[in-house]
Amino acid sequence: MLAVPLAPVRTTVTRTAYWARLVPLLAALACVTRVPSFVQPLWNPDEGFLAVQARLLAQGGELYDTVVDRKPPLLPWLYQAAFALCGSGSLTPLRVLAVLAQLLTAALLASVARRRWGDRAGRTAGMLYLLISIGLNPEDAQAATFEVFMLPGTAAALWCADRGRWGAAGAAVAAAFLTKQTGGAVLLPVVWLLHRQGGPRAGLPRLAAGFAVPVLGVALATDPGGFLFWTVTGSATYASVTGSELHVLVRALTNTAILAAASAGLLPPVARALRGARTGAPELWLWLASSAAAVVLGCHFFGHYYLQLTPPLALLATAALRVLPRERHLTAVLTSVCSCAVFVGWGLLAPRPELAHAERLAAALAHRTAPADRVLVWGIHPETYWLAGRTPATRYLTAGLLTNYSGGRDGPQVGEKYAVAGTWPVFRREMTAHAPVLVVDDSRGEPYAPGRLPTLRRLLTAGYEEVGRVDGAVLYARVPGP
């Protein structure tokens with residue numbers, strides 16, 4: 001009679017029972033923390049940009065040619081797929097996917113922590129991550145934008161590397177990078193783990209192949225030259241802070257303070273661990289440092305950039321809490337719960353004046369044009385196109401790409417000569433090929449106003465007349481030709 005080993009069966013049952021209890025808890029917490037995301041039609045211009053891109057792609061547009069942005073293509077494709085299945089009139093399907101992305105990130109972090117430090121650590125890591133994941137201005141934390149969908153890839157990269165699965169780790173890094181370029185920062189802790197586990201000779205080729213194959217495949221599926229330009233080489237002026245130093249500093253300090261407040265329960269144990277060097281996890285510190293470098297890169301310091309810090313911060317806090325007294329553990333969790341409640345309330349109650357402006361502007365635009373008409377909204381709120389259901393007259397959905405105003409630059413480096421290289425000749429051709437029926441100047445006194453841009457000023461003077469105003473935005477209708 002053959003003996004049947006029982007240990008693996010017990011292990012499997014234990015593992016199944018653990019996740020059967022933890023996943024519903026994390027799912028409920030992910031849903032509660034993101035309730036505010038469902039109360040607004042959209043939260044920030046990135047969502048509007050992605051929604052307009054998805055509609056243009058569905059109409060036959062080509063990414064990095066007739067549909068352009070400085071971001072990789074995975075999220076525009078995800079928006080396009082969601083719109084194809086559920087219609088393009090609502091972002092609710094994307095908000096549901098964002099909840100699932102948060103849940104996946106939390107589960108991966110829980111798995112990493114449990115493997116290293118035990119069952120309680122797994123629960124702690126997953127919960128702490130979800131509690132601090134909304135600890136920013138709601139327009140940054142509740143939007144279904146790049147960072148939210150990038151984080152599962154970064155967590156998966158560390159999860160795979162922790163288990164020596166180097167090809168899968170490379171693919172996970174690629175997924176993060178192809179969602180947003182700064183997702184590639186997780187490659188540093190992954191390489192460190194590869195070195196520490198003593199397998200560079202065998203693992204490095206698999207890691208490199210796992211990363212390179214998806215990236216090259218996506219480049220070939222779009223346009224290799226356009227992909228390289230728009231995601232890597234074409235944003236030199238975007239990263240400059242000349243003339244906007246104070247503006248950038250204030251934003252950096254503000255968003256750092258907000259995340260610090262949200263992480264009030266985590267920072268003391270992390271600081272204690274840093275002083276005592278007792279976490280025994282240098283790759284987590286490297287992950288936090290590389291993520292911080294990614295936040296700094298470009299010197300824009302938008303709040304949603306800081307989301308990249310939350311997964312390593314949750315794991316470091318978990319590592320620190322396991323060597324501290326139990327009451328410290330409870331204090332950290334309760335403090336994080338209270339902070340999370342404040343941010344949920346902020347998301348539910350905060351006014352959205354820019355959204356209200358965009359909705360009024362979109363209503364005026366829809367009233368004055370037909371669905372088939374092309375229009376030009378000269379501003380930084382591409383959601384106006386989506387809300388109005390109108391097609392942009394140009395591939396450049398914001399004035400930022402044509403003036404370098406992107407990121408709120410308020411210094412001297414705003415104007416035609418600071419635009420992304422080659423954009424103004426293309427813009428002039430588009431205005432000639434399909435002149436917009438209506439032009440909306442939504443600059444409202446900002447440095448990219450048409451009066452400061454010779455090309456746009458000539459366009460309005462030669463063929464348009466003012467026909468109305470909405471909250472300071474000026475509407476110009478095309479003058480019929482002779």
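Residues numbered from 1 in each chain as written. Predicted model: local features only at pLDDT ≥ 70, side-chain atom pairs only at ≥ 80, totals over all residues. Heavy atoms only, no water.

Peer 1: Honestly, the pairing of strand β5 (residues 473-478) in this entry has me stumped. Any pointers?
Peer 2: Consecutive residues of a regular strand have side chains that alternate between opposite faces of the sheet. The buried fraction of β5 is high, at five of six residues. Alignment of strand β4 (residues 464-470) against β5, held across six bridges, turns out to be antiparallel. Note on β5: the bridge partner recorded for E466 is Y476. From the end of β4 to the start of β5, which pair antiparallel, there are two residues, and D471 there has a positive phi angle of about 50°. (Buried < 20%, exposed > 50% of the residue type's maximum accessible area, 1.4 Å probe, protein only. Helix = DSSP H or I, 4+ residues; strand = E, 2+ residues; numbered from the N terminus. Pairing = 2+ DSSP bridges.)

Peer 1: Please clarify how the packing of helix α14 (residues 282-296) against helix α15 (residues 310-321) should be interpreted in this entry.
Peer 2: The contact between α14 and α15 brings their axes to 9 Å, and the two run at 150°. Judged by the angle between their axes, α14 and α15 are roughly antiparallel. Our pair here, α14 against α15, has a crossing hand that is left-handed. From α14, L284, W285, W287, L288 and S291 reach across to α15, where they touch P311, P312, L313, L315 and L316. Taken together, the residues that form the contact of α14 with α15 break down as nine nonpolar, one polar and no charged. (Axes fitted to C-alpha atoms, helices over the stretch in contact; angles between N-to-C directions. Parallel < 35°, antiparallel > 145°, perpendicular 65-115°, else oblique. Left-handed = near helix turned anticlockwise from the far one by under 90°. Contact = heavy atoms within 4.5 Å. Nonpolar A, V, L, I, M, F, W, Y, C, P; charged D, E, K, R; others polar.)

Peer 1: Is there a simple way to explain the sheet that holds strand β1 (residues 374-378) in this structure?
Peer 2: By way of backbone hydrogen bonds, the strands of a sheet pair with one another, either parallel or antiparallel. Spatially, β2-β1-β3-β5-β4 is the arrangement adopted by the five strands of the open sheet, whose pairing is mixed. The open sheet is flanked by β2 (391-392) and β4, the only strands paired with a single partner. Pairing geometry for strand β3 (residues 438-441) and β5, over four bridges, is antiparallel. Bridging across to β5, V439 finds its partner in Y476. Across the face of the sheet, helix α17 (residues 353-368) comes into contact with β1, β3, β4 and β5 while running at roughly 135° to β4. In this fold helix α21 (residues 454-463) packs onto β1, β3, β4 and β5, with an angle of close to 105° to the strand it touches most, β4.

Peer 1: Help me understand the nonpolar core in this model?
Peer 2: Where a protein is soluble and globular, its nonpolar side chains tend to be buried together. Ranked by internal contacts, the top residues of the largest apolar core, which has 145 residues, are Y79, Y306, L315, W378 and F427. Apart from the residues within four sequence positions on either side, L315 is in contact with L109, V112, A113, W117, A125, L158, L284 and W287. (Core = buried A, V, L, I, M, F, W, Y, C linked by side-chain atoms within 4.5 Å.)

Peer 1: Explain a nonpolar patch on the surface here, please?
Peer 2: A grouping of V35, V39, L348 and L349 is seen on the molecular surface, where their side chains present a nonpolar patch of about 370 Å² in accessible area. Note on placement: V39 falls in the loop between α1 (7-33) and α2 (45-58). Under the relative-accessibility criterion, V39 is labelled partly exposed at 42%. (Patch = residues over 30% accessible without salt bridge, like charges linked within 9 Å, V, L, I, M, F, W, Y side chains within 5 Å. Areas by Shrake-Rupley, 256 points an atom, 1.4 Å probe, with all protein chains shown as cover. Salt bridge = Lys/Arg side-chain N within 4 Å of Asp/Glu carboxyl O.)

Peer 1: Would you mind showing me how to read the packing of aromatic side chains here?
Peer 2: Both the distance between ring centres and the angle between the ring planes are used here to describe each pair of aromatic rings. Using the criterion set out here, one finds eleven aromatic pairs in the structure. Centre to centre, the rings of F229 and W230 are 5.3 Å apart; their planes meet at 90°, and the pair counts as edge-to-face. On the basis of relative accessibility, which here comes to 25%, the residue F229 falls in the partly exposed class. Judged by relative accessible area, W230 falls into the buried class, the value being 7%. These aromatic residues form a ring-pair network of at least three members: W378, W424 and F427. When the ring centre of F146 is taken as reference, the NZ or CZ atom of K71 above it lies at 5.1 Å. A cation over an aromatic ring shows up here: R114 above the ring of Y18, its NZ or CZ 3.9 Å from the ring centre. (Phe/Tyr/Trp six-rings, centres within 6.5 Å; stacked < 30°, edge-to-face > 60°. Lys NZ or Arg CZ within 6 Å of the ring centre and 35° of its normal.)

Peer 1: What is the right way to read the state of the cysteines from this model?
Peer 2: Put plainly, a disulfide is one covalent bond tying together the sulfur atoms of two cysteines. This structure, assessed with the given rule, holds zero disulfides. Lacking any disulfide linkage, C86 is separated from the closest cysteine sulfur, that of C31, by 17 Å. The class for C86 is exposed, based on a relative accessible area of 54%. C338 takes part in no disulfide bond, and the closest cysteine sulfur, belonging to C340, lies 9.9 Å away. Given a relative accessible area of 53%, C338 falls into the exposed group. (Disulfide = S-S within 2.5 Å.)

Peer 1: Would you take a moment to explain the pairing of β1 for this structure?
Peer 2: Buried residues dominate β1, accounting for four of its five residues. Here β1 pairs with β2 via two bridges, running parallel. Within β2, the residue paired with R374 across the bridge is T391. Handedness of the crossover joining β1 and β2 through helix α18 (residues 383-388) is recorded here as right-handed. Here four bridges tie β1 to β3, and the two strands are oriented parallel to one another. (Right-handed = clockwise from strand over helix to strand, strands pointing away.)

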